[in-house]
Amino acid sequence: MPPDITGCVFKFVPNNAAISSVVIKVLKSVFQAHTLPLPLVKQVVERALEQSRTLDMKVDSAIFEDKLVSYANQLRPRYVAQLNELRKQGKKW
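The present account deals with the structure reproduced in this document. (Residues numbered from 1 in each chain as written. Predicted model: local features only at pLDDT ≥ 70, side-chain atom pairs only at ≥ 80, totals over all residues. Heavy atoms only, no water.)

## Description of the nonpolar core
Within the largest apolar cluster, 27 residues are counted, with the highest numbers of intra-cluster contacts made by Val9, Val23, Leu27, Phe31, Leu36 and Leu68. Sorting the residues of this core by element identifies helix 1 (5-12), helix 2 (17-31), helix 3 (38-53) and helix 4 (62-75) as the ones contributing at least two each. Among the elements that line this core, the one with the most residues is helix 2, at eight residues. (Core = buried A, V, L, I, M, F, W, Y, C linked by side-chain atoms within 4.5 Å. Buried < 20%, exposed > 50% of the residue type's maximum accessible area, 1.4 Å probe, protein only. Helix = DSSP H or I, 4+ residues; strand = E, 2+ residues; numbered from the N terminus.)

## Quick notes on the pattern of salt bridges
Pairing is possible between side chains of opposite charge, provided their charged atoms come close. As enumerated under the stated definition, the model contains one salt bridge in all. Lys25 is the salt-bridge partner of Glu65, the closest N and O atoms lying 3.5 Å from each other. Of the two residues, Glu65 is situated in helix 4 and Lys25 in helix 2; the sequence distance between them amounts to 40 residues. (Salt bridge = Lys/Arg side-chain N within 4 Å of Asp/Glu carboxyl O.)

## Things to note about the packing of helix 2 against helix 3
Interaxial distance between helix 2 and helix 3 falls to 10 Å at its minimum, and their mutual angle equals 130 degrees. When the axis of helix 2 is compared with that of helix 3, the two are oblique. Both helix 2 and helix 3 take part in a crossing whose hand is right-handed. Residues Ile19, Val23, Leu27 and Phe31 of helix 2 touch helix 3, and the partners they reach there are Leu40, Val41, Val44, Val45, Ala48, Leu49 and Ser52. (Axes fitted to C-alpha atoms, helices over the stretch in contact; angles between N-to-C directions. Parallel < 35°, antiparallel > 145°, perpendicular 65-115°, else oblique. Left-handed = near helix turned anticlockwise from the far one by under 90°. Contact = heavy atoms within 4.5 Å.)

## Description of the packing of aromatic side chains
Considering all chains together, one arrives at zero aromatic pairs under this definition. It is Arg47 that lies over the ring of Tyr71; its NZ or CZ is 4.0 Å from the centre. (Phe/Tyr/Trp six-rings, centres within 6.5 Å; stacked < 30°, edge-to-face > 60°. Lys NZ or Arg CZ within 6 Å of the ring centre and 35° of its normal.)

## Points about helix 2
Between its first and last C-alpha atoms helix 2 spans 21 Å; for 15 residues at 1.5 Å apiece the expected length is 21 Å, and the two agree. Residues Ile19, Ser20, Val22, Val23, Ile24, Val26, Leu27, Val30 and Phe31 constitute the buried set of helix 2. Residue Gln32 follows helix 2 closely and has a positive phi angle near 50 degrees. (Expected span 1.5 Å × (residues − 1).)

Now the structure itself:
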């Protein structure tokens, strides 16, 4: 069984609790699944790290979370087939 969202995020961001908590919250709210493909999680984590490096962006702000939500929604069509496959596998267990 694939790891859950929290495990995947901590795989890519082990030392930054603020960013990882925001990314986990966004992924759970946008995709509403327990497991996600690793490339999808990696892309969202990379975007969060890029946004956190900008000078005017704070990790705990609502703007930061809104931008991540919109980015995750943009990625949804790319991963629809993989998400459906994971959901089918989850029902077989």
